[in-house]
Amino acid sequence: MSQSIKQTPDDAGQCRFCGTRLRRTFTDLGMSPLCESFLRADQLNQMEPFYPLHVYVCEECWLVQLEAYVDPAHIFTEYAYFSSYSDSWLQHAHSYTDIMIERFGLNQQSKVIEIASNDGYLLQYFVAHSIPVLGVEPAANVAKVAIRKGIPTKVLFFGRETAQALAAEGHQADLMVGNNVLAQVPDLNDFVSGMKILLKPHGVITIEFPHLLRLIEGNQFDTIYHEHFSYFSFITAERIFAAHGMTLFDVEELPTHGGSLRIYAHHTEDSSHAISPRVAALRQVEVEAGFTSAAAYRSFEQQVQETKRKLLEFLITARRQGKTIAGYGAPGKGNTLLNYCGIRTDFLDYTDDRNPYKHGKFLPGTHIPIKHPDAIAESKPDYLLILPWNLKDEIIHQMSFIRDLGVQFVVPIPEIRAYQ
Ligand SMILES: [Zn+2]
């Protein structure tokens, strides 16, 4: 595991896009363990590494960012996140496929390349249309699942070097997809320039990432974790792609992950796609929200602290009344929330997860046990705290039977709320 490159508390390092020295704190969530380092019972008495979750905003390009305290090779080479465990995410991928095939006229002669293709959750739908695909995925255990499904996948980290090697093998994309990967890239410039290399002259890149505007508006501080190095506004994303010779010609706002953007990029010299009016409209929304000055970034820290106080107030009151509380899910965002708020088994008896990889393990830092979902119906807690709150509608619907057992759903973000 690599050591932090930060030498002193005042030295926050340089902006990963433009190189400007970082001076302005966006929010400081204290020290936290890596969110995917689930523990086995025999590891509970061992020392656990904690790293800062201190987020800065660059005063030159307004990229909100966290230093890469840990080598991504450590985080992503064995990853516990399998995209196919979320039904709503699979649906999202399926409808994306249909839209892209239709809009860009993809067929058997086309090539779709996905960066961070995970277990093939998305490319499988292109394969079903006989459209040639290639996945690039650094986590070998996850890539193996994709390959077993018949989806050609390279176990590689993506960047300029990988792009050159793939291009030399004859791979170039009509459509290049990157869903929820841009935030996880420590060397942004290397990554984006790699995408340009792999893009055919009239090819299109679509990238989805959580929208910083929604993060701020919705108090989504728990989406900040060590695996997410950057948090993008549309304006900053536009600037980054422009620096690498690409233009964003369309953008859509999506409900996924608490509010995401899907941006569409092409080579700046490619005039085959008209610029959508949505581009200027969203730019304007962000300018008015203060994203090009310090204004938009100033009050986030206070918002976060108040959200913590309200959540703890609720949990303390519930426990004093003798109520029992269990968690639902073990997502990365849950670990930020629980560690920042200091919520351990003093509040949550356990949490559950659909992913069998996590059963019998414990959450990092807080050591809350992770059980099979059946545990909820067996133990009938008074409250069920939904940690993946972005999926709350899906979860409340799926789990509606437990209401009859007297279990009440609670969602922590944007602020604590119980659902009757
Ligand atoms: Zn910058």
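In the block above lies the structure referred to throughout.
Residues numbered from 1 in each chain as written. Predicted model: local features only at pLDDT ≥ 70, side-chain atom pairs only at ≥ 80, totals over all residues. Heavy atoms only, no water.

Q: Quick one: what's the story with the coordination of the zinc ion, residue by residue and with numbers?
A: Binding of the zinc ion to the protein goes through Cys15 (SG), Cys18 (SG), Cys58 (SG) and Cys61 (SG), at separations of 2.3 Å. If you look at the zinc ion, its 4 donor atoms make angles of 101 to 119 degrees with each other, and the shape they trace is tetrahedral. Site description for the zinc ion: donor spacing in sequence, C-x2-C-x39-C-x2-C. Of this pair, Cys18 sits in the segment before strand 1 (24-32) while Cys61 sits in the loop between strand 2 (51-57) and strand 3 (64-66), and the two are 43 residues apart along the sequence. On the basis of relative accessible area, Cys18 is assigned to the partly exposed category, the value being 31%. On the basis of relative accessible area, Cys61 is assigned to the buried category, the value being 2%. (Donors = N, O, S within 2.8 Å, 3.2 Å for Na, K, Ca; no water. Tetrahedral: all angles 85-135°; square planar, octahedral: opposite > 155°, others 65-115°. Helix = DSSP H or I, 4+ residues; strand = E, 2+ residues; numbered from the N terminus. Buried < 20%, exposed > 50% of the residue type's maximum accessible area, 1.4 Å probe, protein only.)

Q: Please set out the side chain of Lys333 residue by residue, giving values where relevant.
A: Along the chain, Lys333 falls in helix 11 (residues 332-341). An unpaired buried charge is present at Lys333: no salt bridge exists, and Asp222, the closest side chain of opposite charge, is 6.0 Å distant. Not counting chain neighbours up to four residues away, the residues in contact with Lys333 comprise Asp222, Thr223, Tyr225, Leu387, Pro388, Trp389 and Asn390. (Lys, Arg positive; Asp, Glu negative; His and termini not counted. Salt bridge = Lys/Arg side-chain N within 4 Å of Asp/Glu carboxyl O. Contact = heavy atoms within 4.5 Å.)

Q: So, helix 10 (residues 300-320): which residues are in play, and what are the values?
A: The end-to-end C-alpha separation of helix 10 is 30 Å, in line with the 30 Å expected for 21 residues at 1.5 Å each. Taken as a whole, helix 10 has its buried residues at Phe300, Val304, Thr307, Leu311, Leu312, Leu315 and Ala318. Seen along its axis, helix 10 keeps its buried residues to an arc of 125 degrees; they face one direction. Looking at helix 10, the residues exposed on the side facing more than 90 degrees away from the buried face are Glu313 and Arg320. Among the structural elements, strand 1, helix 7 (212-217), strand 12 (325-328), helix 11 and strand 15 (383-386) are those in contact with the buried residues of helix 10. Taken from the residues just after helix 10, Gly322 is the one with a positive phi, measuring 80 degrees. (Expected span 1.5 Å × (residues − 1). Arc of directions from axis to C-beta.)

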